[in-house]
Structures are given as C-alpha cells and as structure tokens.
Protein chains: 2
Amino acid sequence: MKHEGLKVHISKWLHIERESGIALLQKLVQADSTQGNEKNAQAIIIEELTKMGLDIDVWDPDGNQLKVHPHFASSRHDFHGSPNVVGVLKGKGGGRSVILNGHIDVVPAGDREQWDYEPFSGMVVDDKMYGRGVTDMKGGNVSLLLAIQAIQSLPITLKGDIIFESVIEEESGGAGTLASILRGYKADAAIVPEPTSMKIFPKQQGSMWFRLFVKGRSAHGGTRYEGVSAIDKSLLVLKHIEKLETKRNQLINDPLYSNVKIPIPINVGKIEGGNWPSSVADLVTIEGRIGVSPGETLEEAKKQLEEWLMKLADKDPWFQQFPVKLEWFGARWVPGSVDPDHPLVELLSKNYVQVVKKEPVIEASPWGTDGGLLTEIGKTPSVIFGPGLTEQAHFPNEYIQIDQVFQAAEIIACTLLDWCEFELQ
Amino acid sequence: MKHEGLKVHISKWLHIERESGIALLQKLVQADSTQGNEKNAQAIIIEELTKMGLDIDVWDPDGNQLKVHPHFASSRHDFHGSPNVVGVLKGKGGGRSVILNGHIDVVPAGDREQWDYEPFSGMVVDDKMYGRGVTDMKGGNVSLLLAIQAIQSLPITLKGDIIFESVIEEESGGAGTLASILRGYKADAAIVPEPTSMKIFPKQQGSMWFRLFVKGRSAHGGTRYEGVSAIDKSLLVLKHIEKLETKRNQLINDPLYSNVKIPIPINVGKIEGGNWPSSVADLVTIEGRIGVSPGETLEEAKKQLEEWLMKLADKDPWFQQFPVKLEWFGARWVPGSVDPDHPLVELLSKNYVQVVKKEPVIEASPWGTDGGLLTEIGKTPSVIFGPGLTEQAHFPNEYIQIDQVFQAAEIIACTLLDWCEFELQ
C-alpha cells in the first residue's frame with residue numbers, strides 16, 4: 001500500500017469507527033473530571049490504552065517533588081487519587097518521536113441553570129455533543145486516541161515512538177504535565193489538541209493570575225466626603241491597567257498575531273468591594289489575568305506590572321500613602337514558542353489542506369496551555385492544534401462539533417505517519 | 001425654687017448620678033441588640049422605666065399590619081420577640097407634649113479583628129465608652145432617660161406629657177417607629193438623640209438603597225475582545241451616577257446645607273462582579289444609597305434616578321440592548337423638615353448655649369432617622385440632636401465621649417422644662 005493509499009485507509013477507518021468514537025467521547029464527558037475527581041475518566045483512558053496494547057504508565061504525581069519546582073502552580077500540593085496516565089506505542093527506531101498531550105481535568109460546570117442540558121450528560125443534538133469539557137479538551141483527547149488507533153489499523157510499523165499523555169491539572173497551571181516531564185517523558189515534538197478552532201498555533205502566550213487590593217477609608221455614605229472610596233480609587237487602577245495593556249500590545253510585532261485584535265490581553269475578571277450600601281467602601285479586590293507574549297518570560301511580565309502599579313502614585317497621592325497591593329496567585333502558564341517553519345507545523349498544514357481542502361490559519365494562541373511547559377521546560381517543541389471552538393471553553397452549554405473531532409483525528413493520524421515515518425509490514 | 005434654680009439642680013443631679021448613668025449605658029451596650037435580638041436590651045429599658053414609675057406599653061409590632069403600609073421598609077415581616085417599648089410620664093395638662101424617640105437596634109459588629117476591644121464590652125477608657133451601638137444610639141437613649149429622671153428629681157409637676165419610645169428597626173428603615181405611630185403615639189414635637197455630634201438638625205435628608213445590575217457578555221480572558229466586560233460597563237455607570245449627584249446637589253440652596261460639602265450624596269457602597277480572573281465578567285451588581293433632600297419626596301428621587309439611568313443608552317448603544325436594571329431594596333428613610341425657627345429648635349439652642357457656653361451648629365442632617373417618619377407620617381415635628389460623633393456610627397471601635405451623654409441629658413432636661421412647662425409642687 002502506498003503512502004496516499006494509507007491516508008485514504010485512515011479516512012475510511014475513521015468513518016467506520018465513527019459511532020464507537022462518539023461513544024468513547026460521551027463516556028469521557030459523563031465522567032466528571034473536575035480537579036480532584038479525575039480518576040474515573042482516567043480509568044476509561046486506561047481501559048482504552050489497554051485495548052490498544054500500549055505500554056501503560058499510571059502514577060499519582062508527587063506533590064513533594066512538584067511543589068519545590070519553580071514552574072509548579074496549583075491550588076493543591078497533594079495529588080493522591082489523581083493519576084497521570086501515559087501510553088507508549090513503541091516504534092521500531094529510526095524515526096522521530098512525538099508526544100500527544102491532552103489534559104483530562106475540566107473546569108467546574110458552574111451555574112447549572114445556565115445549561116440547556118445536564119453538564120455531564122454528553123447529550124448529542126444535531127451533530128454537536130454538549131457537556132463540560134467536551135471541547136476543553138476531551139474532544140481533542142479522543143482525536144488523539146482515534147489517530148493512534150487509525151494508525152494501528154494500517155499494515156505498517158512506525159519508526160518513531162508515540163507517547164500519549166492524559167494529564168491532570170492543566171486548568172490549574174500544568175502540574176500534571178510538569179510531573180510527566182520530571183518523570184522523563186520527552187520527544188522530538190508534541191501536539192496538544194486544545195480547542196484552537198482547528199487553527200495551528202506554533203506559538204502560545206502564557207498567562208498569570210493577579211490579585212490587587214485597593215484601599216479606601218470608610219465613612220457613612222451620607223458624609224461620604226469624609227471617607228475615601230476604594231471603589232472610586234479602583235476606577236483609576238482599572239484605567240491604569242488598561243493603558244498597560246495598550247502599551248504592551250503596541251510592542252507585539254509577531255506576524256502570527258497580525259490578525260488578533262489584542263494579542264496579549266490583560267483581563268480583569270472579578271471585582272469585589274465594600275460591604276454596605278450606605279458606607280464608603282474601604283477595600284476593593286480585583287482579580288485578573290495578564291497575557292505573557294511568546295517572546296517574554298513570566299518574570300519579565302510580573303516585573304512590568306509591579307512597576308506599572310507603582311506609577312499610580314504619580315497620578316494620585318493617595319497611592320503614595322496606600323500603594324495598591326499586588327499578589328500573584330492561582331494558575332499560571334508558561335509561554336511557548338516554536339518556529340512557524342518547524343517541520344511539524346509544515347506537516348500539520350499539509351495534511352490540513354488535504355483533509356479540509358482549505359489553507360489552515362496559523363496564529364499565536366490567545367491563551368496558555370501545557371504546550372508552554374513541554375516546549376520550554378520539557379524541551380519538546382509543541383504545536384497546539386485541535387477540534388472545538390475556543391470560545392466554547394469554560395462556558396455554559398460547552399459543545400463540540402462532532403465532525404471536527406474526526407477531522408482533527410484524520411489530520412493528526414496523517415501527520416504522525418509523515419512525522420514518525422514507517423515501514424510496510 | 002425658681003426656673004434657673006431648677007436647671008442648676010438638674011446639672012447637680014446629673015453630676016451625682018454620673019456613675020449610675022455610665023453603668024446603665026454599659027449594661028445596654030453589653031446587651032447585643034442587633035436585628036432580631038433586641039429583647040434583652042429592651043428588658044433593661046423596661047426595668048428602668050418601671051423604677052421611674054412611668055406607664056409602660058410593650059408590644060411586638062404586627063408585621064401583617066406594617067407590611068401593607070406604604071412607608072414600611074424592613075428585611076423582615078415578622079417581629080415576634082422584637083418588642084417596642086414606650087413609657088409615658090403623664091403631665092397634669094395645659095402644656096406641650098413631647099416624644100423622646102431612640103432606637104434600640106444596632107448594626108452588626110462586623111469584623112471583630114478591626115476592634116481594639118470586644119464590640120459588646122462597653123469598655124471605658126479615658127472617658128470614652130467603646131462598643132457597637134454606644135454612639136448609634138444607646139448613648140442618646142441614656143441621655144433621654146437621664147433627662148427624664150433629672151426632671152423627676154425636681155419638686156415640680158410637668159404640664160405636658162413626655163412619651164419615651166425605645167423602638168426597634170431604625171437601622172432597617174423605621175418599622176419600629178412606624179408601628180408606634182400606628183399605635184397612636186403622637187405629640188406636639190419630638191427629639192431624636194441620634195449622634196449629631198451635638199449639632200441640632202431641624203431638617204434631615206432621607207435616603208434609599210438601590211441595587212443596579214450591569215450586564216456584559218462572557219468570553220475567555222485571552223480573547224476578551226470577543227466579550228463585553230460588565231466591569232468596563234460599570235465604570236460608565238459609576239461616572240454617570242456621579243454626574244447625577246453633582247446635578248442634584250447644585251439645586252440645593254437651603255442655608256442649613258451651606259457648610260456641607262455634598263448635601264445629599266449618592267454613595268456607591270458595594271460592587272461585585274465576575275467570577276473568574278481569566279473570564280470576561282458578564283454581570284456586575286452595584287449597591288448604593290441615594291440621599292433625598294428634606295424638600296423632596298422619596299418618589300421624586302426614585303423617578304429621577306430611574307430616568308437618569310435610561311439616559312445611559314445615549315452614551316453607549318450597549319445600554320439600549322441591555323439597560324441597567326434598577327432595584328430598590330432594603331432600608332429607606334423618609335426625609336423630614338421642621339422650620340428652623342420652630343420653638344423646640346429655639347429652646348434646644350438656648351439651653352445648648354447655657355450648658356455648653358457656645359453657639360450650637362444648626363444644620364440639615366447628612367442621613368435619615370426615624371425623625372422623618374415622625375415628622376411626615378406621625379405629624380410630630382421632630383428635631384434631631386444627640387451626643388456621639390456622626391463618623392463613629394457603624395464603624396469598628398465605635399465609641400462615645402461619656403461627657404457628651406451627660407451634656408446632652410442636661411440640655412434635653414432643661415428643654416423639657418421649657419417645652420412642657422410645669423408647676424412647682
């Protein structure tokens with residue numbers, strides 16, 4: 001069978017296995033795998049890898065080892081009962097190896113009233129599957145498994161190894177992928193099928209969460225002029241942060257961001273202050289995320305925000321006396337950068353054209369993924385490409401277009417053939 | 001004994017009874033009388049009124065009767081176990097009657113860590129007593145009781161009646177005073193010894209609480225330009241409200257407000273929005289109070305804010321599609337107005353000068369009290385005058401200057417002599 005014949009076979013195989021692929025995705029969505037509850041979903045992955053005959057490695061990441069690592073970020077230090085799962089399809093040698101990395105954890109479902117269907121139902125309506133995590137990123141994980149299975153259905157032997165990783169903790173800052181890096185998993189390149197809307201991201205921005213404390217001085221609302229409103233002061237702080245966002249984005253000239261309105265946004269996502277309608281608020285807390293460009297480090301971005309906030313004192317003497325307190329907390333994602341001419345990008349693009357019959361969009365990502373850790377810490381250049389709409393992630397009525405799961409599987413399977421190389425049996 | 005001799009006697013009596021007055025105030029402060037817990041403090045009042053030999057009326061206000069009244073405002077409809085207490089010292093007739101109204105309820109102590117002493121300790125340090133409610137307004141209540149007791153110590157019979165009211169629910173909008181009005185208590189005038197910093201307030205502003213819901217559209221923070229931030233939209237709303245405050249205050253020309261920086265403030269006391277640092281906030285809730293001038297009605301002020309918020313649509317088309325939702329909730333206080341030349345104001349002023357040896361400050365109040373209901377609904381013209389610093393009310397480390405409690409008691413006792421008139425026994 002010729003190379004192109006193999007790719008036709010992959011396409012046919014995926015068509016035949018469509019129902020079982022959908023069933024697998026539905027089963028994974030039904031297994032609620034929010035932080036701390038990943039075990040059941042991982043058990044499904046283990047069952048699947050076992051059927052596929054891969055070498056399987058299952059372990060609970062070691063919190064004591066992880067927590068001292070400079071790139072550790074999580075809201076917990078104990079990962080007992082939250083296993084990482086790796087399955088390896090060993091090649092015969094002589095080809096390039098690849099890591100296929102997907103996270104199994106999902107963000108909480110949030111307010112159930114905002115969902116049209118039960119968030120962990122995996123309900124299928126009009127070729128869309130609904131559910132928390134279906135897009136971010138169990139759909140992508142199923143694309144990976146289908147891609148490997150499609151390859152296994154061919155009468156070939158791969159040369160390079162395929163290392164499939166189902167990791168925990170991506171949504172909290174990547175402790176699962178960090179643990180697999182520390183366990184020694186490394187490859188010539190990696191694909192991370194986060195929901196990119198089928199765009200190819202050789203570069204990805206990092207991000208960090210920050211918390212600001214803006215002080216005021218309390219007073220009765222009827223004599224509010226005797227106090228200093230922390231809410232009023234917060235308006236200045238928010239405007240000031242907006243200016244930093246403008247400044248930082250003016251400096252971005254990477255052509256991969258040329259079609260992106262705000263390449264590295266600073267998003268203020270939460271505000272909370274005051275405790276009584278007729279009192280002057282004496283404290284406002286602001287929480288947000290700062291995007292970190294693929295070309296800078298987390299430390300550089302941190303320092304810039306810190307110094308920028310100090311400048312508030314020039315605008316209002318109040319901030320000389322009561323500087324805004326800045327805290328870095330919660331999740332963070334390392335930015336990552338792979339040359340847009342990297343051969344894996346080229347192969348993904350070529351196979352995208354063959355499958356989708358259109359040119360792919362190649363951009364830099366608007367958010368961080370575990371690809372940053374893989375590229376920068378794991379020394380495994382990572383490209384982000386997967387099914388599912390970016391804007392569906394984390395929101396009520398999250399869904400995935402089922403067709404895209406199979407399209408992504410086909411593109412990835414064909415790319416693996418090209419990347420790892422093979423011998424006919 | 002001549003008139004002036006009686007006043008000297010009052011002063012001496014208060015001096016002699018200083019320790020027992022302090023003990024009574026301390027006992028009242030130690031009886032936590034936050035909403036729903038007023039019973040123990042009222043029991044102390046009842047004991048005191050019993051010793052004084054007044055006619056006592058104790059009743060739990062009837063929620064069913066109150067809740068249909070247009071001026072009812074409270075967070076509850078059931079007042080079982082929260083009694084109002086009235087004590088009447090009947091005059092022999094021929095004089096002017098007076099209501100002495102004080103509320104027994106106190107606002108919650110709040111964060112105990114911000115208190116130097118236990119909030120319900122009534123700790124005395126350097127002639128200051130500390131505790132929740134000591135200023136607002138148990139200090140004033142004790143001034144009233146001491147004033148009546150001082151009068152009872154004189155060899156006279158009053159002509160006019162003294163009606164002492166210890167009411168619940170002032171902090172929640174006046175349901176206790178409304179209940180005593182509906183029970184039929186009425187007089188030729190009233191004194192309400194709220195903490196005015198010993199200023200005399202013939203006029204008082206009303207106020208109402210409002211809640212605004214500002215909508216946005218959610219998105220991932222990394223692509224925040226795909227959403228609409230309710231936090232950003234809130235900034236416009238806050239600026240817009242500030243302009244209304246300016247506009248409303250420019251129209252105030254009452255000389256009683258001439259020394260007040262912002263006569264009728266609009267205070268935004270609370271803001272809360274968004275729920276995830278890296279998501280675009282889709283809802284912000286804002287809570288505040290709007291001051292209502294003594295010359296306008298609550299309905300007029302309501303209508304003005306409602307119409308003003310509609311104008312946001314001219315500034316930003318977003319608000320055409322998603323108008324800010326306005327809700328009136330929680331407490332409200334009717335504004336009240338008594339002629340600054342009213343004889344009770346004159347008598348209080350005259351006696352203030354005799355006791356304090358300075359001219360009193362006569363102003364319009366920066367906040368509402370039960371005096372609004374008494375004046376406007378109860379047809380009992382009310383003047384607000386009491387010990388304690390306005391700025392201490394509702395805050396941690398609330399305290400009162402003990403001397404002021406006795407000064408206020410002396411001024412009020414002398415005023416009662418003049419107002420109610422008397423015969424020597």
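Residues numbered from 1 in each chain as written. Chains lettered and ligands numbered in written order. Predicted model: local features only at pLDDT ≥ 70, side-chain atom pairs only at ≥ 80, totals over all residues. Heavy atoms only, no water.

## Remarks on the sheet that holds strand β17 (residues 399-401) of chain A
Residue and element names in this part refer to chain A.
Alright, step 1. Spatial strand order, β4-β5-β17: three strands in an open sheet with antiparallel pairing. Looking along the sheet, the strands with just one partner apiece sit at the ends: β4 (124-125) and β17.
Alright, step 2. Lying on the sheet, helix α5 (residues 134-152) is in contact with β5 (128-130) and β17; it crosses β17 at an angle near 45°.
Alright, step 3. Each of β4, β5 and β17 is contacted by helix α13 (residues 402-420), which is oriented at about 60° to β17, the strand it contacts most. (Pairing = 2+ DSSP bridges. Helix = DSSP H or I, 4+ residues; strand = E, 2+ residues; numbered from the N terminus. Contact = heavy atoms within 4.5 Å. Axes fitted to C-alpha atoms, helices over the stretch in contact; angles between N-to-C directions.)

## Quick notes on the relation of the copies chain B and chain A
Alright, step 1. Overlaying chain B on chain A yields an RMSD of 0.1 Å, the required transformation being a rotation through 180° with an accompanying axial translation of 0.1 Å. In short, the pair behaves as if placed about a two-fold rotation axis. Distance from the rotation axis, computed per C-alpha, reaches its smallest value in chain B at B:Glu272: 2.2 Å.
Alright, step 2. The residues that chain B uses at the interface reappear at the interface of chain A in 100% of cases, marking a shared surface. (Least-squares fit on C-alpha atoms with pLDDT ≥ 70 in both.)

## Comments concerning the domain arrangement of chain A
Residue and element names in this part refer to chain A.
Alright, step 1. Splitting chain A by domain gives domain 1 (3-204 + 335-424) and domain 2 (228-332).
Alright, step 2. With centres defined by C-alpha atoms, the gap from domain 1 to domain 2 works out at 33 Å.
Alright, step 3. With 20 residues of domain 1 at the interface, the matching set in domain 2 holds 14 residues.
Alright, step 4. In total, domain 1 and domain 2 occlude about 1200 Å² of area from one another, counting both sides; carbon and sulfur atoms represent 58% of this.
Alright, step 5. Ranking the residues of domain 1 by area buried against domain 2 places Pro 335, Glu 363 and Ala 364 at the top, with a combined share of 37%.
Alright, step 6. Measuring nitrogen to oxygen at the nearest pair gives 2.7 Å for the salt bridge that ties Lys 203 to Asp 254.
Alright, step 7. Linking domain 1 with domain 2 are six residue pairs in polar contact (both at pLDDT 80 or more).
Alright, step 8. For the side of domain 1 that touches domain 2, the elements supplying multiple residues, two or more each, are β9 (200-204), β14 (336-337) and β15 (362-365).
Alright, step 9. In terms of residues, the side of domain 1 that touches domain 2 owes the most to one element, β15, which gives four residues.
Alright, step 10. Of the residues contributing to the side of domain 1 that touches domain 2, the split by class is 10 nonpolar, seven polar and three charged. (Domains from an automatic or database assignment. Buried area = accessible area lost by both parts, 1.4 Å probe. Salt bridge = Lys/Arg side-chain N within 4 Å of Asp/Glu carboxyl O. Polar contact = N/O pair within 3.5 Å; in protein donor to acceptor, adjacent residues only side chain to side chain. Nonpolar A, V, L, I, M, F, W, Y, C, P; charged D, E, K, R; others polar.)

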